[in-house]
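Observations on the model geometry
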Amino acid sequence: MPFTASELASDKEGNIWIGGTFVGLWFLDVKTGKSILYTHGEEEGSLPSCYGGINNIFFDRAQNLWLTLPCTGIAYENTQKAAFNSVESTLRYKGKKVKFGIEDYRMVGEDGDHSFYIYDNTNLLSWNTSLNTLVSIGLKVPAKNISGVFKDMEGLLWITYWDFGLRSYNPKTQKIKEYKNDPKDSTSIGSKNIVQILEDKEGILWIGTRDNGLISFNKKTNKFTRYPYIENSGTLQPKDSLDDKMILCMELDDEGILWIGTNVGGLNRFDTKTKKIKSYHDFKKGIHGVFDIVKDSNNQLWLATYLDGLFLFDKETETFINYSEDEGLLFNSITNIEKDNDGNIWSTSERGLSRFNPKTNLFVNYTKANGLPTNKLYYMSKRADGMFYIMSDKLKMFTFDPENLDKNSATPLTILESITYHPAHYKDWKKDSTIFTTDLQSITLAHNENKLSFSFIGLHFVNAPLNQYSYKLEGYDPDWINNGTQRTAIYTNLSPGDYTFYVKSANSDGVWDEKGTQITITILPPWYGTWWAYVSYALLFLLALRIFSKYRERHLRADKERLEMTVAERTQEVVKEKEKALSSERAKHQFLANMSHEIRTPMNAIKGMTDILIRRQPKDDQKEYLNGIKQSSDSLLVIINDILDISKIEAGKVELEQENFSVNELVNNVHTIMQFKAEEKGLGLIKDIPAENLKVLGDATRLRQILINLIGNAIKFTEKGLVTTSVESEQVGDKINVHFIVSDTGIGIDQDRMEKIFQSFEQAYSDTSRKFGGTGLGLSISKKLVELQGGKIWVESEKGKGSQFHFTIPYNLAETTIEATREEDLNSNAADFLRGIHILLVEDNQFNSIVAREELEDAIEGVQVEVAENGLIAVEKLNSSTFDVILMDVQMPIMNGYEATSSIRLLESEKASTPIIAMTANVLKEEVDLCYQAGMNDFIGKPFDTEELLQKIHNLINNKS
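Computed from a predicted structure; not experimentally measured. (Residues numbered from 1 in each chain as written. Predicted model: local features only at pLDDT ≥ 70, side-chain atom pairs only at ≥ 80, totals over all residues. Heavy atoms only, no water.)

What follows deals with the overall build of the chain. The helix and strand tally for the chain stands at 13 helices and 58 strands. Across the 961 residues in the chain, those meeting the buried criterion constitute 46%. Restricting to contacts in the chain with at least 6 residues of sequence separation, those with at least 24 account for 54%. With the model as given, the accessible surface of the chain reaches about 50,600 Å², and the carbon-plus-sulfur share is 51%. (Helix = DSSP H or I, 4+ residues; strand = E, 2+ residues; numbered from the N terminus. Buried < 20%, exposed > 50% of the residue type's maximum accessible area, 1.4 Å probe, protein only. Contact = heavy atoms within 4.5 Å. Areas by Shrake-Rupley, 256 points an atom, 1.4 Å probe, with all protein chains shown as cover.)

Burial along strand S6 (residues 65-69) is one-sided: the residues Leu65, Leu67 and Leu69 are buried and none of Trp66 and Thr68 is. Relative to S6, strand S5 (residues 56-59) runs antiparallel, the two being bridged by 4 bridges. Looking across to S6, one finds that Phe59 is bridged to Leu65. (Pairing = 2+ DSSP bridges.)

On to helix H11 (residues 897-905), then. Looking at H11, one finds that the buried residues are Gly897, Ala900, Thr901 and Ile904. End-on, the buried residues of H11 take up no more than an arc of 100 degrees, which puts them together on one face. Buried-residue contacts for H11 involve helix H10 (871-880), strand S56 (885-888), strand S57 (916-920) and helix H12 (925-934). Capping the start of H11 is the job of one residue whose side-chain oxygen sits 3.1 Å from the backbone nitrogen of Tyr898: Asn896. (Arc of directions from axis to C-beta. Polar contact = N/O pair within 3.5 Å; in protein donor to acceptor, adjacent residues only side chain to side chain.)

This part takes up the packing of aromatic side chains. One pass over the full model with this rule turns up 46 aromatic pairs. The interplanar angle of 50 degrees and the centroid separation of 5.8 Å between the aromatic rings of Trp346 and Phe388 together place this pair among those described as tilted. In this pair, Trp346 sits in strand S32 (residues 345-349) while Phe388 sits in strand S36 (residues 388-392), placing the two residues 42 residues apart along the sequence. The exposure class assigned to Trp346 is buried, which follows from its relative accessible area of 0%. Centre to centre, the rings of Phe740 and Phe807 are 4.7 Å apart; their planes meet at 15 degrees, and the pair counts as stacked. A residue pair is termed long-range when its members are at least 10 positions apart, and Phe740 in strand S51 (residues 735-744) and Phe807 in strand S53 (residues 802-813) qualify at 67 residues. Each member of the aromatic cluster is reached from another via a ring pair, and the members are Phe454, Phe456, Tyr469, Tyr471, Tyr476, Tyr491 and Phe501. Across the ring face of Tyr161, the terminal group of Arg167 is positioned such that the distance to the ring centre comes to 4.8 Å. Taking the ring centre of Trp512 as reference, the NZ or CZ of Lys504 above it sits at 5.7 Å. (Phe/Tyr/Trp six-rings, centres within 6.5 Å; stacked < 30°, edge-to-face > 60°. Lys NZ or Arg CZ within 6 Å of the ring centre and 35° of its normal.)

Moving on, we get to the nonpolar core. Judged by nonpolar contacts, the single largest core of 41 residues is most densely connected at Leu703 and Phe807. Sorting the residues of this core by element identifies helix H4 (663-680), helix H5 (700-716), strand S50 (722-732), S51, helix H7 (778-788), strand S52 (792-798) and S53 as the ones contributing at least two each. The element contributing the most residues to this core is H5, with 9 residues. The residues contacting Leu703, other than those within four sequence positions of it, are Phe661, Leu666, Phe740, Phe807, Ile809 and Tyr811. (Core = buried A, V, L, I, M, F, W, Y, C linked by side-chain atoms within 4.5 Å.)

Here the focus is the sheet that holds strand S37 (residues 397-400). Across the sheet, which stays open at both edges, the 4 strands sit in the order S8-S37-S36-S35 with antiparallel pairing between neighbours. Two strands lie at the open edges of the sheet, namely strand S8 (85-86) and strand S35 (377-382), each paired on one side alone. Judged from the 2 bridges that link them, S8 and S37 form a sheet pairing that is antiparallel. Paired with Ser86 across the two strands is Phe398, which belongs to S37.

Moving on, we come to the pattern of salt bridges. Taken as a whole and judged by the stated rule, the model has 25 salt bridges. Arg167 is the partner of Glu178 in a salt bridge, and the nearest nitrogen-oxygen pair spans 3.1 Å. Highlighted residues: Glu178 in strand S18 (residues 175-179) and Arg167 in strand S17 (residues 166-170), separated in sequence by 11 residues. Since its relative accessible area comes to 46%, Glu178 is described here as partly exposed. Looking at Arg167, the relative accessible area reads 9%, which means it is buried. Residue Asp253 is joined to Lys315 by a salt bridge in which the shortest nitrogen-to-oxygen separation is 3.1 Å. Separated by 62 residues along the polypeptide, Asp253 in the loop between strand S23 (247-252) and strand S24 (257-262) and Lys315 in the loop between strand S29 (310-314) and strand S30 (319-323) bring together distant segments of the chain. Connected through salt bridges with shared partners, the residues Asp152, Glu154, Glu199 and Lys219 form a single ionic network. (Salt bridge = Lys/Arg side-chain N within 4 Å of Asp/Glu carboxyl O.)

On the basis of which strands lie adjacent, the open sheet formed by 4 strands has the order S23-S24-S25-S26 and antiparallel pairing. Of all strands in the sheet, those with a lone pairing partner are S23 and strand S26 (277-279), marking the two edges. Between one strand axis and the next, the sheet turns by 20 degrees as a mean value, whatever way the strands run. (Axes fitted to C-alpha atoms, helices over the stretch in contact; angles between N-to-C directions.)

Turning our eyes to something else, we now look at unusual backbone geometry. The residue after Lys942, namely Pro943, is reached through a cis peptide bond having omega -5 degrees. Its place among the elements puts Pro943 in the loop between strand S58 (938-941) and helix H13 (946-960). Of note in the backbone geometry, Asn222 takes a positive phi value of approximately 60 degrees without being a glycine. Tracing the sequence through the fold places Asn222 in the loop between strand S21 (214-218) and strand S22 (223-226). A residue is classified by how much of its surface remains accessible, and Asn222, at 37% relative accessible area, is partly exposed.

The next subject is the side chain of Ser115. Along the chain, Ser115 turns up in strand S12 (residues 115-119). When neighbours within four sequence positions are excluded, Ser115 is seen to be in contact with Glu110, Ser126, Trp127, Asn128, Thr129 and Arg383.

Tracing the chain through its elements places Glu843 in the loop between strand S54 (838-842) and helix H9 (846-859). On the basis of relative accessible area, Glu843 is assigned to the buried category, the value being 3%. Within polar-contact distance, the side chain of Glu843 engages the backbone nitrogen of Asn845 at 3.0 Å. Polar side-chain contacts of Glu843 include one of 2.6 Å to the side chain of Lys942.

Residue placement: Arg905 occurs in helix H11. With relative accessibility at 25%, the residue Arg905 sits in the partly exposed group. Within polar-contact distance, the side chain of Arg905 engages the backbone oxygen of Gly935 at 2.9 Å.

A few words on the packing of H9 against H13. In the contact formed by H9 and H13, the axes pass within 11 Å of each other and the chain directions differ by 70 degrees. Classified by the angle between their axes, H9 and H13 sit roughly perpendicular to one another. Along the contact surface, H9 presents Glu855, Leu856 and Ala859, while H13 presents Thr946, Leu949, Leu950 and Ile953. (Parallel < 35°, antiparallel > 145°, perpendicular 65-115°, else oblique.)

Printed below as a string of structure tokens:
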């Protein structure tokens, strides 16, 4: 057929393209002299069927070829396609060309960094990608229906099948082991539908299944272990369970953490050491259907999901970042992901191949238009040499080198097509107006035309739908906004002012047109925002000010009336607030009561058992420690009592005791208690007290608490040196002022912090509690107790050199008494009187029961003590036996002490009058009153004093007789 040249053009390489009539398009390579004729035809890659010839030939900036034909219009060809190579063109087996497909050769596993396992429906082959050889591995197990192959650290092959469980094969010994599921044996494999197998550093195999969750196999014990999962993938998740039974993928990190992706669940964290499972299942965030997991060098995970795109998961913060089609991803349903040597994340889908750069947060996409054999891609693997191998639809295989993919370097031309606006108060969108802006540099709009929609496009035609866009409205946006592949930007309710809209585009390979285009927009203010409007506002303000001054007196009179009404309303509010405060005080009081009971109960056991051990002739070194425990428990009991009293102190209802005591003995006792703490820190603890015994009348318990608080603080905040306690006294009339000084060589206090340290829950510095511990309550209590006794407290200190805490208390002089001696005689007589009595001990705490029984048996010769664990048992024992006295706890299960006492008092026999002593950790006055109201004869608190208990028992039995 004759050929007539009608058009001539050259590309950037200087090659000649000749268009003519009838025949088609000639290409002439000027370097080699070779030519190619592109003819008209119906098959793919041919010119459109048109026998009228080619009218025009044109190469755009990207060197894409454009043709005009008289019968079909415009034809287009991308001349810069990426290099994706089919493996079938070079790979052979037994001299024959290998054809990958569903019925032929298909990949079933990876063998190291250079080889794949290939299954040809008959044999298992090893494909060495470096040598491009395909050889049989001589498998001696059944090769029918193989679905996967995993090679462990020992070289064993673990082979999964579509219709069988699992087989292991040792290539060296050719030994075979079969593992079948036995529904009656929980240590069997549990499934024959296996998705993936991984091996940890200990040699344990981790098996993901489609129908039974996660299973592990210990090769040493030959046992399988199954792990729990949620059956229906519900939102209510049992503890330590996978969020779905269908596992899609697994990844094992360097810390021994197994990351598991499930079908309708999501991401799961499984610790292979502790066997703890944590699920990140969250339907609200859409993180579910995880198809693949890849770890990177930054301790982060990349997740391929169904419908939700690509996720970045930070293992340390446990947070997700989503990248989807809005950010430029090709398709939200990802089938597989892989990381290349530069840290880029590659993903496959049914629409093609995507590359994501985590440094720039940009996607580059590849489709058939870029040279892909097909857009439907499934499995992908990277080999040690950096080459990627991809399995596509119909299980076809091709490969590519990510570093050598041709990149389209031609930038697109960014065009701002139009701006659509409409008044913000209009609801009818038909009133919108559109301005075509291709030739405009600026526009001016009214104040109510402030909802703008910008339309733009990047002129680049290789994968044009994948071109990306970024824009910024200067004067509104602080930075550029990545718009993905979307070609519009919308702004609503813009304020009057001047703005500049910038937009730029990138081609499908991520090459940006940094110049972009721009347009200036001016939105005029409304009439009430103009300069003359503000002048009018000023005049109106002056007029209003004159009117205001004229009626000021009338308004003041009205304000007075409103003030009187407000005072009445505020008075009512004060009454309500007072009632609310009282209610809060009652709640606080109940909390302190509960706390006291819960601490006193174990304290009773500690104190009692210590007393018992001391009486049983311990060794001298043991006795020293036991005395220390006893003194410390006594001090702790004092602190518990003081915590209860803090509410009374604040309310001014604390009653001070008046008893004779020796200041010298009290200071010595406190130093004995605190000596252990000082020795632990290597500090010297000394005292400077008068030689003569200073005896006063006052509250010794409160003074002991103050000294323990101050000396304890001094030890706590002193790292080396001394803590000293000094006592001075001065008699003034019938009073004696005692001055106590606690000095240390510790950290000291700044001048501006000295007043703050005496406030509740306050310390000198914000980091004091973290460095030294404590709550900041001790000094506040000490200050209140000193002031309650008519004294005062202050501190002198220098930062870095130590502190001196001073306090003075005025005391009455002590009175001479011999009550102690007579009390000892009385207690001795009480023990003799109670010889051989029968006691019922009602106590539910085992340790307190032991303490009470041991104390009574040591103190009373021949005593019989029976124990009842609750009130109901106590009533039953009293019905069948007779007791001289009942020691009744209050808080007990089944029947408490109040109910038991009431039941006993209702008995019709003489047993109804059996003496009952409440022995409980409930020590508040209202709780004691409840004991008497229930019918109890006396009360003793825990921890109890044995001598006091004997005296109370003696008094009750003696009065009854």
